[in-house]
Amino acid sequence: MKKVVKFGGSSLASPEQFRKVGKIIKEEDTRRYVIPSAPGKRYAKDIKVTDMLYQCYDMAERGEAFEALLNKIQDRYEEIIQGLGLELSLQEEFRVIAETLKKKPGRDYAASRGEYLNGRVLAEYLGFAFVDAAEIILFREDGIVDMDQTGEMIRNCLSQKEYAVIPGFYGAFKDGTIKTFSRGGSDVTGSLVAGAIYADMYENWTDVSGFLVADPRIINNPEVIETITYRELRELAYMGASVLHEEAIFPVRRAGIPINIRNTNMPEEKGTMIVESTCRKSKYTITGIAGKKGFASINVDKDLMNSEIGFCRRVLSVFEDNGLSFEHMPSGIDTMTIFVNQSEFEEKEQQVISGIHRAVQPDVLEMESDLALIAVVGRGMRETRGTAGRIFSALAHARVNVKMIDQGSSELNVIIGVKNRDFETAIQAIYDIFVTARL
């Protein structure tokens with residue numbers, strides 16, 4: 001059995017956290033390939049190493065002296081090295097980084113050094129081989145990972161190494177130039193490695209005990225989701241729920257590899273299993289609730305709209321011509337509503353309105369601002385009658401006015417539109433009716 005295990009920045013921020021990580025890895029010899037992030041915050045007002053490296057590069061680009069800040073970063077690693085009692089020197093590594101930064105190689109290079117150096121330390125601590133991610137993760141010229149070539153390079157490299165540490169967050173172009181993923185991209189590295197070697201499991205260790213049913217900033221101590229499918233996770237992640245980088249799903253989903261979200265500080269807890277499909281029934285009718293504020297809606301009303309060929313295409317082309325993407329688009333026989341990001345839309349609203357009038361000559365065109373969208377997601381909704389009715393009842397009881405409700409054909413999710421001011425109240429009401437009432 002082979003497991004790929006990824007540890008986030010909070011799990012590797014101090015000697016104490018390193019020791020927790022080491023204990024977890026050594027407990028199972030199946031945990032063979034380890035993906036570390038850069039050191040995160042040690043306490044609330046601390047600064048992440050990656051942010052400090054970005055600052056170093058910005059100073060170098062402006063021609064300012066950055067050495068003092070780089071020395072502070074080196075001190076962070078020395079604190080970990082000394083705390084673990086390792087005989088490891090990163091002096092030469094930091095000399096190379098300083099010289100390279102003066103040549104202004106790009107912010108991606110600077111940011112990647114956090115994971116690279118933490119990988120060096122973790123490999124030394126575990127006694128594992130170190131593999132530079134730049135040697136096995138290949139980006140195409142368009143900035144997208146070359147999946148086939150990367151998979152082959154990973155397999156060729158790791159077939160010769162029983163245990164290894166591979167830094168997360170970055171890879172390289174063919175010419176060796178460093179390229180990073182977006183923030184949180186160490187999740188993607190772990191997924192690429194797991195998919196390439198056909199791992200039995202991808203464990204993603206962080207500072208929470210799994211994926212939560214709702215945002216803990218809104219719901220006090222929300223329940224942990226025991227099992228969630230890739231599709232459910234995708235729906236929730238799209239609406240802002242974040243424990244795992246959304247691009248990390250695809251490499252393992254393609255290979256049918258489950259992901260286990262675990263808590264480094266509470267390793268005894270099982271966390272959340274993310275799977276392709278499952279026979280297990282959800283503990284509750286819903287799997288999770290997520291949402292975002294800050295939308296505007298544009299309602300286009302025209303009699304016999306459904307008989308006009310290309311009507312929707314002409315409306316959406318107006319948004320495309322103005323460089324705007326839409327978030328959601330429920331429709332009826334004679335109406336269609338487009339939800340867009342309000343902050344982006346406001347600057348171009350008049351161009352869009354006049355464009356729609358020219359394109360389709362609507363009978364009525366109305367707009368509404370300060371809206372929020374909430375997704376209620378769950379495979380259990382397919383087999384449960386009255387889910388939408390329970391949502392309406394809960395929101396009515398909480399005195400929340402529903403501006404829109406739409407259920408996808410998969411019956412996997414229900415999207416609800418409410419005013420921004422009712423966002424938190426709505427989520428609490430939905431959580432209470434489906435979760436708290438069952439406890």
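So, here's what we can say about the structure. These figures come from a predicted structure and were not determined experimentally. Numbering of residues begins from 1 in every chain and follows the order in which that chain's sequence is written. With pLDDT at 70 or above as the cut-off, local features in this predicted model cover only qualifying residues; side-chain atom pairs require 80 or more to be listed or tallied, and sums for whole chains, interfaces and linings still use all residues. Here the side-chain values reflect all heavy atoms present in the structure, with hydrogen atoms and water set aside.

### Section: the overall build of the chain
- A tally of helices and strands in the chain yields 14 helices and 16 strands.
- With the radius of gyration taken over C-alpha atoms, the globule rule is written as 2.2 Å times the number of residues to the power 0.38. The globule rule puts the C-alpha radius of gyration for 439 residues at 22 Å, and the 25 Å found for the chain is close to it.
- Relative accessible area decides the class of each residue, using a 1.4 Å probe on protein chains only: under 20% of the type maximum gives buried, over 50% gives exposed, and in between gives partly exposed. Scored against the burial criterion, the 439 residues of the chain give a buried share of 51%.
- In the chain, the proportion of contacts linking residues at least 24 apart, taken out of those at least 6 apart, comes to 75%.
- Computed by Shrake-Rupley with a 1.4 Å probe, the accessible areas treat only the displayed protein chains as cover when residues are assessed. Of the accessible surface of the chain, which amounts to about 20500 Å², a share of 46% is contributed by carbon and sulfur atoms. The secondary structure listing takes helices from DSSP runs of H or I that are at least 4 residues long and strands from runs of E that are at least 2 residues long, numbered from the N terminus. In what follows, residue pairs with any heavy atoms lying within 4.5 Å of each other are defined as contacts.

### Brief notes about the sheet that holds strand S10 (residues 272–275)
- Any two strands between which DSSP finds at least two bridges are classified as paired. The strand order across the open sheet built from eight strands is S3-S4-S2-S1-S7-S9-S10-S8, with neighbouring strands paired in mixed fashion. Strand pairing shows two members of the sheet lacking a second neighbour, strand S3 (129–130) and strand S8 (227–229), which therefore form its edges.
- Here strand S9 (residues 259–263) runs beside S10; their pairing, made up of three bridges, is antiparallel. If you follow Ile259 over to S10, its bridge partner there is Ile274.
- Sitting on the sheet, helix H1 (residues 15–27) touches strand S1 (3–7), strand S2 (31–36) and strand S7 (201–206), and the angle it makes with S2 is about 155°. In this analysis an axis means a line fitted to C-alpha atoms, helices contributing only their contacting stretch, and an angle means the value between N-to-C directions, from 0 to 180 degrees.

### Here's the deal with the packing of aromatic side chains
- Each Phe, Tyr or Trp ring (for Trp, its six-membered ring) is paired with any other whose centre lies within 6.5 Å, and the angle between the two planes then decides the class: stacked below 30 degrees, edge-to-face above 60, tilted in between. This structure, assessed with the given rule, holds seven aromatic pairs.
- Each ring, one from Phe139 and one from Phe173, has its centre 6.2 Å from the other, and the planes form 55°; the classification is tilted. Linking Phe139 in the loop between S3 and helix H6 (147–158) with Phe173 in the loop between strand S5 (170–172) and strand S6 (178–180), this pair joins segments that are 34 residues apart in sequence.
- A relative accessible area of 4% means that Phe139 is categorised as buried.
- A residue is classified by how much of its surface remains accessible, and Phe173, at 22% relative accessible area, is partly exposed.
- Taken together, Phe139, Phe173 and Phe181 form an aromatic cluster joined through their ring pairs.
- Taking NZ or CZ as reference, Arg113 lies 4.5 Å from the ring centre of Tyr116, over its face.
- When the NZ atom of lysine or the CZ atom of arginine is within 6 Å of a ring's centre and also within 35 degrees of its normal, the charge is said to sit over that ring. The ring of Tyr170 has Arg113 sitting right over it, with the charged end atom 5.4 Å from the ring centre.

### Side note on the packing of helix H2 (residues 49–61) against helix H5 (residues 107–126)
- Running from N to C, H2 and H5 point in directions that differ by 150°, and their axes come no closer than 8 Å. Here H2 lies roughly antiparallel to H5, going by the angle between them. Viewed along their axes, H2 and H5 form a crossing whose handedness is right-handed. In this structure, H2 uses Val49, Thr50, Leu53, Tyr54, Tyr57 and Asp58 to contact H5, whose residues at the interface are Arg107, Ala110, Ala111, Arg113, Gly114 and Glu115.
- The residue inventory of the contact of H2 with H5, partitioned by class, reads six nonpolar, two polar and four charged. Geometric relationships in this document are graded by angle, where less than 35 degrees denotes roughly parallel, more than 145 denotes roughly antiparallel, 65 to 115 denotes roughly perpendicular, and other angles denote oblique. By convention the crossing between two helices is left-handed if the near helix lies anticlockwise of the far one by an angle smaller than a right angle, and right-handed if it lies clockwise. Note on residue classes: Ala, Val, Leu, Ile, Met, Phe, Trp, Tyr, Cys and Pro are nonpolar, Asp, Glu, Lys and Arg are charged, and everything else, Gly too, is polar.

### Observations concerning a negative patch on the surface
- Taken together, the side chains of Glu344, Glu346, Glu347 and Asp370 present a region of like negative charge at the surface.
- Topologically, Glu344 is positioned in helix H11 (residues 342–345). Patch definition: residues above 30% relative accessible area lacking any salt bridge, with like charges linked at up to 9 Å and the nonpolar side chains Val, Leu, Ile, Met, Phe, Trp and Tyr linked at up to 5 Å. Just to be clear on terms, a salt bridge is a Lys or Arg side-chain nitrogen sitting within 4 Å of an Asp or Glu carboxyl oxygen. In this tally, Lys and Arg are treated as positive and Asp and Glu as negative; His is ignored, and so are the chain termini. Charge positions are represented by NZ for Lys, CZ for Arg, CG for Asp and CD for Glu.

### Describing the pairing of S7
- The buried count for S7 comes to six of six residues, which makes it a mostly enclosed element.
- Residues Met201, Glu203 and Trp205 of S7 are buried on one face, and the alternating residues Tyr202, Asn204 and Thr206, pointing to the opposite face, are buried as well.
- Taken together, the five bridges between S1 and S7 define a ladder with parallel strand orientation. Directly across from Val5, in S7, lies its bridge partner Glu203.
- Looking at chain direction, S7 and S9 are connected through five bridges and run parallel. When the bridges of S9 are listed, Tyr202 appears paired with Ile259.

### Considering helix H14 (residues 423–434)
- Residue count minus one, scaled by 1.5 Å, sets the expected span of a helix. The end-to-end C-alpha separation of H14 is 17 Å, in line with the 16 Å expected for twelve residues at 1.5 Å each.
- Three or more residues of H14 are buried, namely Phe423, Ala426, Ile427, Ala429, Ile430, Tyr431 and Phe434.
- Close packing links the buried residues of H14 with strand S11 (288–301), strand S14 (364–377), helix H13 (387–397) and strand S16 (413–419).

### Structural notes on the side chain of Arg32
- Along the chain, Arg32 falls in strand S2.
- Salt bridges are absent for the buried Arg32, whose nearest opposite-charge side chain, Glu162, sits at 5.1 Å.
- Under this definition, polar contacts are N or O atom pairs within 3.5 Å; protein pairs additionally need one hydrogen-donor-capable and one acceptor-capable atom, and for neighbouring residues in sequence, both atoms have to be side-chain atoms. In terms of polar contacts, Arg32 uses its side chain to reach the backbone carbonyl oxygen of Glu162, at 3.1 Å.
- The contacts of Arg32, once residues within four sequence positions are left out, are Met1, Lys2, Lys3, Phe128, Glu162, Tyr163 and Ala164.

### Focus: the environment of Gly288
- When you line up the elements, Gly288 lands in strand S11.
- Spatially, the C-alpha atoms of Gly288 and Val377 are 5.4 Å apart, while their sequence positions differ by 89 residues.
- Excluding its chain neighbours within four sequence positions, the residues that come into contact with Gly288 are Val213, Ile225, Leu236, Ala375, Val376 and Val377.

### So, the sheet that holds strand S13 (residues 335–341)
- Read across the open sheet, the six strands follow the order S12-S13-S11-S14-S16-S15; overall the sheet is antiparallel. A single partner strand is all that each edge strand has here, and the edge strands are strand S12 (326–328) and strand S15 (404–407). Direction aside, the axes of adjacent strands within the sheet are offset by 40° on average.
- The pairing of S15 with S16 spans four bridges and is antiparallel. Residue pairing for S16: Asp406 is matched across the bridge by Ile415.
- Its contacts with the sheet place H13 against S14, S15 and S16, and it is angled at close to 20° to S16.

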